[in-house]
Amino acid sequence: MKSLWFFDDVNLFKVLCPHKFKAYKANHDFDAYKKKDYIYFEEDSANKVYLIEKGKVKIGYYSEDGDEVVKAILTRGELFGETAILGESKREEFAQSIDNTTSICPIGVNTMHDLMRNNQTFSFKIYKVIGFKLKKLERRLQLLLFKDTKTRLVEFLNELCADYGYDCEKTGDKVIHHPYTQKDIASLIGTSRPTLNILLNELKEEKVIQFTRKEIRIHKNIA
């Protein structure tokens, strides 16, 4: 399985979007968001789940000290707001577009429950997604709490490798083509962008990685 968000090589968006179901297609629209627009805030009513058609969405919350904590940065084909399916009545996080051309497929909780009730395979995929996401979030929070920044970065690179990586036939290196900016990565591992840049260059000098804006190469002897 190349990524947590793809099953049987089928993008979740293609499987779950109500546009694919005749009974819901006529009354279903996509919502467009610009960069920094919020899809929902903490404490908003949780009556929908969302699929990303295109763009990027940041999921996070604010600590008691007012610091922003980023839980995830999601891209095309990914699902969010899914805890509404499990009975959450109010949001415990915010969702914000971080791309100027984000397009979202909103699905009412009642619609989602109907689809799940009428399609066992569909229902299984949804619960599988939720389970994977909870495990991934738990692991990331443990890293933030108990590991130093460099360790968090290395663990994040391993995650990227699992989700987006492939083997280079010529060198045997792991090559990762990913959708994140350095700012995104810094937010996800709980550090500043300058610190991230220092750590990436340290790993480069140690001959662990090579990196460009959208590609990271983990050398064979390390991977």
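Residues numbered from 1 in each chain as written. Predicted model: local features only at pLDDT ≥ 70, side-chain atom pairs only at ≥ 80, totals over all residues. Heavy atoms only, no water.

As named in an unreviewed UniProt entry, the protein chain is Crp/Fnr family transcriptional regulator, taken from Flavivirga aquimarina.

J.: Which residues make up unusual backbone geometry, and what are the values?
T.: Positive phi is not limited to glycine here, since Lys36 has a value of about 80°. Locating Lys36 in the fold gives a position in the loop between strand E3 (31-33) and strand E4 (38-40). In the Ramachandran plot, Lys207 falls in the positive-phi region, its phi being about 60° despite a non-glycine side chain. With respect to the helices, strands and loops of the structure, Lys207 is situated in the loop between helix H7 (193-205) and strand E13 (209-211). Residue classification places Lys207 among the exposed residues on the basis of a relative accessible area of 62%. (Helix = DSSP H or I, 4+ residues; strand = E, 2+ residues; numbered from the N terminus. Buried < 20%, exposed > 50% of the residue type's maximum accessible area, 1.4 Å probe, protein only.)

J.: Lay out the pairing of strand E9 (residues 94-97) in plain terms, naming residues and giving numbers.
T.: Residues of E9 alternate between two faces, with Phe94 and Gln96 on one and Ala95 and Ser97 on the opposite face, all of them buried. In the sheet, E4 pairs with E9 via 2 bridges, with the strands oriented antiparallel. Bridge pairing links Tyr40 to Ala95 in E9. Examined bridge by bridge, strand E6 (residues 57-62) and E9 share 4 bridges and lie antiparallel to one another. Paired with Lys58 across the two strands is Gln96, which belongs to E9. (Pairing = 2+ DSSP bridges.)

J.: Let's hear about the packing of helix H4 (residues 120-146) against helix H5 (residues 149-164): which residues, and what values?
T.: Axis separation between H4 and H5 bottoms out at 10 Å; the angle between their running directions is 160°. Taken together, the axes of H4 and H5 lie roughly antiparallel to each other. In this structure, H4 meets H5 at a crossing whose hand is left-handed. Along its contact with H4, which presents Lys136, Arg139, Arg140, Leu143 and Leu144, the element H5 presents Arg152, Glu155, Phe156, Glu159 and Asp163. Its residues placed into classes, the contact of H4 with H5 shows 3 nonpolar, no polar and 7 charged. (Axes fitted to C-alpha atoms, helices over the stretch in contact; angles between N-to-C directions. Parallel < 35°, antiparallel > 145°, perpendicular 65-115°, else oblique. Left-handed = near helix turned anticlockwise from the far one by under 90°. Contact = heavy atoms within 4.5 Å. Nonpolar A, V, L, I, M, F, W, Y, C, P; charged D, E, K, R; others polar.)

J.: Before we move on, can you summarise the packing of aromatic side chains with the specific residues and values?
T.: Any two aromatic rings considered together are summarised by their centre-to-centre distance and by the angle between their planes. Under the criterion given, the structure shown has 8 aromatic pairs. Their ring planes at 25° and their centres at 4.5 Å tell us that Tyr38 and Phe41 sit as a pair that is stacked. Where Tyr40 meets Phe80, the ring centres are 6.2 Å apart and the plane angle is 35°; that geometry is what we call tilted. Of the two residues, Tyr40 sits in strand E4 while Phe80 sits in strand E8 (residues 79-80), which places them 40 residues apart along the sequence. Residue class for Phe80 comes out buried when judged on its relative accessible area of 1%. (Phe/Tyr/Trp six-rings, centres within 6.5 Å; stacked < 30°, edge-to-face > 60°.)

J.: Give me the lowdown on the pattern of salt bridges, citing residues and values where you can.
T.: Per the stated rule, a full pass over the model turns up 14 salt bridges. A salt bridge links Arg139 to Glu155; its shortest N-O distance comes to 2.6 Å. Of this pair, Arg139 sits in helix H4 while Glu155 sits in helix H5, and the two are 16 residues apart along the sequence. Looking at Glu155, the relative accessible area reads 23%, which means it is partly exposed. Between Glu159 and Arg139 there is a salt bridge, with its nearest N and O atoms 3.1 Å apart. Highlighted residues: Glu159 in helix H5 and Arg139 in helix H4, separated in sequence by 20 residues. The exposure class of Glu159 is buried, given its relative accessible area of 9%. Assessed through its relative accessible area of 36%, Arg139 is described here as partly exposed. A network of salt bridges, in which partner residues are shared, links Arg139, Glu155 and Glu159. (Salt bridge = Lys/Arg side-chain N within 4 Å of Asp/Glu carboxyl O.)

J.: Tell me about the environment of Leu141, residues and numbers included.
T.: The topology assignment puts Leu141 in helix H4. A residue is classified by how much of its surface remains accessible, and Leu141, at 33% relative accessible area, is partly exposed. The spatial distance from the C-alpha of Leu141 to the C-alpha of Ile189 is 9.3 Å, given a sequence separation of 48 residues.

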